[in-house]
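What follows is the residue order along each chain.
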Amino acid sequence: MQPTAASNAPAGRLEDSGQQVLEGLKNLHGAAAAFNKLIAQAPKSYQETSLKRLTQDLPPGLIITTISERKIGGLHISMRQRSSEDGLSGAMQQHQQLQDVAVNNRQPDTIDPMVEDIFHCQTDYLRLKAKFGFSYGVFDASFSPASESLVIHCCSRDDYRLGIWRPGTDGKWLDEHNWKSLAPDAVMRYQLNKPGLTILSDNHDGSVLVRKSKDIDPGQEEVALEHTPGNEESPKEMAGFRPLQDKIITRDVQTGKISVWGEDINGRWTPLTQNKEIRHWPMKDSVQMCFGARSNCLLTCEGRTATFWSCNDENKCLEEIKTIECNSKISSVQFSDDERHALILTECNEVVFVGCDADGNWLQIGEISHPEGRLNHLNEHEGSVVYASINATGQHTLTLDKDRKALISGYDDDGAWVVKTELQDCAYARFSPSGRKLRASLYKPEGSNSETIYSPTNVNYKVFDCSRLKAQTLEHAGSSDISFSPSENLLLSYGFSSNYACIWGDDGAGNLVEKARAGNYQTGISRAAFNAQEDSVLTLDFGKNVKIQGLDSQGKLQEQLLVVQHSDYIFDAQFSHSGSLAYSISLGTACILGREMNGEWIKLAQTNSTPGVYCIEGAHFNGPENHFLTYGNKLDREDQHQPGLVQLWGIDDDGNWVEKDKVILDHNVGMVKFSPDGDHLFIYCFNEQRDPADDSNFSTVLVWKIPATSGQETAHT
C-alpha cells in the first residue's frame, strides 16, 4: 500500500406486456453479459455485495422500500428523510439462529498491542481497549449515538444476551449491563435513545423492556412494559421511541392497543393516562406508528375512523382532539413533514386530506379517488393505490396505483382540494426532499403501432415545479434513473443502457436544459452522484472504471477529470459525507480520492490487500474523515490461516494519506465499524474452525482506540 500523491487538501396489462418485456431484455443483453462476465470472477461474498448495489441502483418499480419510506398497512408511504441524529442507532436486523454465548470479559491490561492470540498488528498505532469473547454467535454490535457505549447482541443454545459496555474513568471498558433471557424470550430488536442512556428492547415473547444507564439511576435495572403474552404463532409487541425520543410508544399487535410512556420526576417510565382505550388497526400490521416528530400529536386508525391525539405533558395524559370518519375501512395514515397536514388512505382507493388550522383544529380539507381498475388473476383491482405521499410543505400529494396512474393533488385558486395533474404509464414518481419539486418516470410509446413498452430504460422524465405544477419533459435514451442534486437546482440521469450521465439545469429562463454529459464509457453506468457541494459528479460503469469531474456553478463540466481504473470489477464508489473525499473499492484494491488546492481531483492513496489472497468486503471513512478503513477475508475460504484482514489509513504530518495500521486476524472478519465520533472502532470476528467441544470462543469483539492525529486539518482543503 503506497500513497500515490501528496495533497493539501440512489403490471399492468399482463396480456400484452410479456413480449414487450422480452424485447426490453434483449436490449440489455450486452450490458448484462459484460457485467456477468466480470462479476463471475469474484468470490461469493463479493458477488452478493455487488448484487445488492446493482439492485439498489436499478430503476425502482411501483413498490419500493428505502430508508426514507415506511411500510404501513402494506402501502409504501414516503416519510421525511432523517439525518443520523434523528434516527435510532443500533436498530437490530432480524437474526438467524447461531450459537452459544458465554461472555469472557478479560480486560487487555497485559495484552501486547503488537501480537495477541488471535490478531497481529503491523504497528502500535491502534490501541486495544477491550476484548470480549463469546462462546457462540454475535447478531450485531453498535456504538451508541454519543459513542460512549457499545451494545452487543448475542445468543446461545439456551439464552440470548444483550450487553452494554462503557469505558470507566481509567479508560477500561466495563460490563455495565448484561441481560440474559431464556429462549424463546429472546431479544428481537433494541434501540438506544440519543444520549445512549436508555435502551429499549422487544422480545420474542412479546415483552418490552426498558433499561436505564447506571450513570442515571444506579438502582434501576429494568422496567417491563405491559403486554399481552405472546407465543410462536402469534404476532409480537411493537415498540419504539417517538422521534423526539422523550417518549416510548408500544402497540400490542394482538389487540391493537396503543400505550404511550413518559419519564416521571423520578426518571421512571410510566404510561400516560388515557381517557379512553386507544387501538390502532391498519389493514396490515406495521412496525411503524404515526407519531409526530416535532409535535405532540399521535394519529391512529381503527375501522373507518382516524383519530388525532395530543400528549399533554403537564397532565401526563393522552387527549382525543379529533376524529375523521371515512366511507370505508382505513388502510393507513400519515403526517406531512410540517405536521400541519395528514393523509388517510382507505381500502376503496379514497385518499382523504386533513389540515390543522391556526388554532390547532384538525379539519378535513378534501379527498380524491382512484378508479378501481380491472381485476387481475388474483381477483384484485389493478387500480389499487400502492404509494401515497405528502410533500414537505403539505401543499400537494402524490398517489400512484397499480394501473400506473399517478395523481398529483393540491389546492386550487378557490382553496378547494382537487386533482391538478394526472400521469398515465407512470413507472415511478417522488417529491424532492424539500417538497418544492417532483420527478416522475413515464414509459413511452415505441414501435410502429406506438405501443407502450414497459422497459426500465424506455422512459421519459417529467420534472414539476410544485409552486406552479409546471412540467418539463427530459429525454435521455437508455437511462433508467434520475435524481436531484442536494440543492435541487440540478438533476442527474443515468442508466445501464447509456454510456454517459446527463446533467440538467436551468437555462436562466426557467427551462431545464442539458448542461453536460459525464462519463463517456463503453458500458452502461451503474451509479452517478453529485457531491455535497455540487461542484463534482462521480460516475461508475459496469466494469473497472470510475470518473470524477468538476462542475462550475452552472453545472457545466470543468477541465479537471480524474479517471481511476482498477484491475478488477469495482463494486462500490462514492463521495464521503462532506463531499471533499471519495473512495472506490474492487476485489483487492481501494482508492482514496481527494482534491488539490486548485480543486482538481487526484488519487491520494491506493490500498492493496495482498493481491490474490485477500478480498475487500467493505470500506468506510470515519465521521471526521481523517481515517479510512477496509476489511475483508481470504479469497480462498478453505484457507483458514490468518483469514481476516483490517487496514486503517490516516493523514500524516505532511497531509498525506498513509497506512497507519494493519490487523491480520486468525479468524474471519464479519463486521468493522467506527464509533460516531470517529475515535474508536470495533472488529467483530468469528472462528469457523472451532471445535464445538472446545472451550475457545467462537466470536470475538475487539475495541480499539484511534489516537488523535496531527495533519487532520489538511484533510478537507
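Note that the structure is a prediction, hence the values are computed from the model and not measured.

Read from one edge of the open sheet, four strands run β23-β24-β25-β26, paired in antiparallel fashion. For this open sheet the edge positions go to β23 (330-335) and β26 (362-369), each flanked by a neighbour on one side alone. Strand-to-strand, the axes of this sheet are offset by a mean angle of 20°, without reference to chain direction. Relative to strand β25 (residues 350-356), strand β24 (residues 341-346) runs antiparallel, the two being bridged by five bridges. Within β25, the position partnered with I344 by the bridge is V352.

Here we come to the nonpolar core. F119, V663, L665, L681, I683 and W704 are the most contacted members of the largest nonpolar core, which has 21 residues in total. Counting only elements with at least two residues in this core, the list comes to β4 (119-121), β50 (627-634), β51 (644-651), β52 (657-665), β53 (668-674), β54 (680-686) and β55 (699-705).

Extensive coverage of strand β7 (residues 150-155) is indicated by the burial of six of its six residues. Side chains L150, I152 and C154 of β7 all project onto a buried face; the interleaved residues V151, H153 and C155 project onto the opposite face, where all are buried too. Here five bridges tie strand β6 (residues 138-143) to β7, and the two strands are oriented antiparallel to one another. In the sheet register, S142 faces β7, and the bridge partner there is V151. Between the end of β6 and the start of β7, which pair antiparallel, lie six residues, with S147 showing a positive phi angle near 70°.

Within the open sheet, the five strands sit side by side as β4-β52-β51-β50-β49. Their pairing is antiparallel. Two strands lie at the open edges of the sheet, namely β4 and β49 (614-621), each paired on one side alone. Averaged over neighbouring strand pairs, the angle between their axes works out to 20° when direction is ignored. For β4 and β52, the ladder comprises three bridges, and the chain directions are antiparallel. The residue of β52 that forms the bridge with F119 is L665.

Applying the stated criterion across every chain yields a total of 11 salt bridges. Linking D465 and R468 is a salt bridge whose minimum nitrogen-to-oxygen distance equals 3.3 Å. Residue D465 is classed as partly exposed on the basis of its relative accessible area, which comes to 24%. As a salt-bridge pair, D535 and R595 come within 3.0 Å of each other at their nearest N and O atoms. Of this pair, D535 sits in the loop between β41 (525-530) and β42 (536-541) while R595 sits in strand β47 (residues 589-595), and the two are 60 residues apart along the sequence.

Extensive coverage of strand β31 (residues 426-431) is indicated by the burial of six of its six residues. Between β31 and strand β32 (residues 437-443), which follow one another and run antiparallel, lie five residues, and G435 among them has a positive phi close to 85°.

Position of S580 among the secondary structure elements: in the loop between β45 (570-575) and β46 (582-586). For the pair S580 and E625, spaced 45 residues apart in the sequence, the C-alpha separation amounts to 9.2 Å. Side chain to side chain, S580 and Q533 meet in a polar contact 3.4 Å long.

Confidence in the prediction of the protein, expressed as mean pLDDT, is 76, and 69% of residues score 70 or more. Contacts of residues 710-717 to residues separated by more than four positions or lying in other chains number 27 contacts, the stretch itself having pLDDT below 50.

Our next topic: the side chain of H680. When you line up the elements, H680 lands in strand β54. Look past the residues within four positions of H680 in its chain and what remains in contact with it is F143, W173, K673, F674, S675, V703, W704, K705 and I706.

Rules used throughout
Every chain is numbered independently, its residues counted from 1 as its sequence is written. Totals for whole chains, interfaces and linings use all residues, but because this is a predicted model, local features are given only for residues with pLDDT of at least 70 and pairs of side-chain atoms are given and counted only at 80 or more. Only hydrogens and water are set aside when side-chain values are computed; all heavy atoms of the structure are taken into account. A pair of strands counts as paired when DSSP detects no fewer than two bridges linking them. Segments assigned H or I by DSSP are reported as helices when at least four residues long, segments assigned E as strands when at least two residues long, and all are numbered from the N terminus. Structural elements are reduced to axes, namely lines fitted to C-alpha atoms, with helices fitted over the stretch in contact, and the angle between N-to-C directions of any two is expressed from 0 to 180 degrees. Take the buried Ala, Val, Leu, Ile, Met, Phe, Trp, Tyr and Cys residues and link them wherever side-chain atoms come within 4.5 Å; each set so joined is a nonpolar core. Only protein chains enter the accessibility calculation, which uses a 1.4 Å probe; a residue is then buried when its area is under 20% of its type maximum, exposed when over 50%, and partly exposed in between. Each salt bridge in this description consists of a side-chain nitrogen of Lys or Arg and a carboxyl oxygen of Asp or Glu lying within 4 Å of one another. Pairing of N or O atoms within 3.5 Å defines a polar contact, subject to two protein rules: one partner must be a possible hydrogen donor and the other a possible acceptor, and residues neighboring in sequence count only if both atoms are side-chain atoms. The pLDDT value tells you how sure the predictor is about a given residue, anywhere from 0 up to 100. Contact between two residues is taken to exist if any of their heavy atoms lie within 4.5 Å; hydrogens are not considered.

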